[in-house]
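Each chain, written out:
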Amino acid sequence: MNKKNMQTVLDTLKEMFPDAYCELDHANAFELTIAVLLSAQCTDKKVNEVTADLFQKYKTPDDYIAVPLEELEQDIKRIGLYRNKAKNIKALSQLLIEQYNGEIPPVHEELVKLPGVGRKTANVVMSNAFDYPAIAVDTHVERVSKRLGICKWKDSVLQVEQTLMKKVPKEEWTMTHHRLIFFGRYHCKAQNPQCEICPLLELCREGKKRMKVKVS
DNA sequence: CTCCCGATAT
DNA sequence: ATATCAGGAG
């Protein structure tokens, strides 16, 4: 995508979602890390329902270590992928205590060493908890970037991230990341994207293709 | 690449 | 019935 169209995308997203933000409820970096870990292949809404009780019951890494695995599994069962997630939360808590004084390290390279924390989760924690510029590429960011033609269809999530970092000014990385998610979640949805009323239709390769299929 | 996985939308 | 949801590990 050329510079002019990219600027149009950024301006339009800003108009559509001026105050996009992290929709995962959390009070600190530790809770945010747990929430993002739980959010894999699950809606934010569902995660928030579960963490409302979870964060009342568990406050520190020690609390997660103290509980039997089976009990923690039941506490998060409604999220899905719950066995892996419960195991990761306990291992992550253990590692935090052993190597990080029980605190979430504000360093990307350290975060990805934590069980259940990959590049995307680390980026979310860095940007939302530690105010560090980052673009986390989740399912929405990837889908939207590819549909609009910001990046190639066959790009990996890492390539998508690198392309976005190159095309977006660094000071706008975090906000743009949130706007791309809102755009993907509420407008350019996986099923039933709102192409008919999309202000970006003129520059959207996929959107124009979809509209053609509809009229014919 | 496959597996993990319940809940919700379509 | 099937697709999708703020992915990560083996």
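Everything numeric in this text was worked out from a predicted model, so none of it was measured.

Help me out: how do you make sense of the packing of aromatic side chains in this one?
Centre-to-centre distance and the angle between the planes together describe a pair of aromatic rings. If you walk through the whole model with that rule in mind, you get five aromatic pairs. Between Tyr-21 and Phe-182, the ring centres sit 5.5 Å apart and the planes meet at 55 degrees, which makes this aromatic pair tilted. Of this pair, Tyr-21 sits in the loop between α1 (3–16) and α2 (29–38) while Phe-182 sits in helix α11 (residues 173–186), and the two are 161 residues apart along the sequence.

Explain helix α3 (residues 44–57) to me, please; I cannot follow it from the model alone.
Since the α-helix packs 3.6 residues into each turn, any two residues three or four apart lie on the same face. For α3, built from 14 residues, the straight-helix expectation of 20 Å at 1.5 Å per residue is met to within 8% by its first-to-last C-alpha distance of 20 Å. The largest bend in α3 amounts to roughly 35 degrees and is located at Thr-51. At its buried positions, α3 is contacted by α2, α4 (61–66), α5 (69–76) and α11.

Whenever I open this one, the nonpolar core confuses me. Can you help?
Within soluble globular proteins, side chains that are nonpolar generally end up buried alongside one another. Core analysis: the biggest nonpolar cluster contains 37 residues, and Ile-34, Leu-54 and Tyr-64 have the highest contact counts within it. Looking at this core, the elements that each hand over two or more residues are α2, α3, α5, α6 (82–99) and α8 (119–130). Take this core: its biggest share by element is eight residues, from α2. Look past the residues within four positions of Ile-34 in its chain and what remains in contact with it is Leu-54, Phe-55, Tyr-64, Ile-89 and Leu-92. Among the nonpolar cores identified, the runner-up in size contains 26 residues, and Val-137, Leu-148, Ile-150 and Trp-173 belong to it.

Please clarify how the pattern of salt bridges should be interpreted in this entry.
Taken as a whole, this structure holds eleven salt bridges when the rule is applied. The closest approach of N and O atoms between Glu-49 and Lys-46, which form a salt bridge, is 3.0 Å. In this pair, Glu-49 and Lys-46 both sit in helix α3, three residues apart, roughly one turn of the helix. Residue class for Glu-49 comes out partly exposed when judged on its relative accessible area of 33%.

Each value, and the rule that gives it
- Residues numbered from 1 in each chain as written.
- Chains lettered and ligands numbered in written order.
- Predicted model: local features only at pLDDT ≥ 70, side-chain atom pairs only at ≥ 80, totals over all residues.
- Heavy atoms only, no water.
- Phe/Tyr/Trp six-rings, centres within 6.5 Å; stacked < 30°, edge-to-face > 60°.
- Helix = DSSP H or I, 4+ residues; strand = E, 2+ residues; numbered from the N terminus.
- Expected span 1.5 Å × (residues − 1).
- Bend = angle between axes of the 7 residues up to and from the residue.
- Contact = heavy atoms within 4.5 Å.
- Core = buried A, V, L, I, M, F, W, Y, C linked by side-chain atoms within 4.5 Å.
- Buried < 20%, exposed > 50% of the residue type's maximum accessible area, 1.4 Å probe, protein only.
- Salt bridge = Lys/Arg side-chain N within 4 Å of Asp/Glu carboxyl O.

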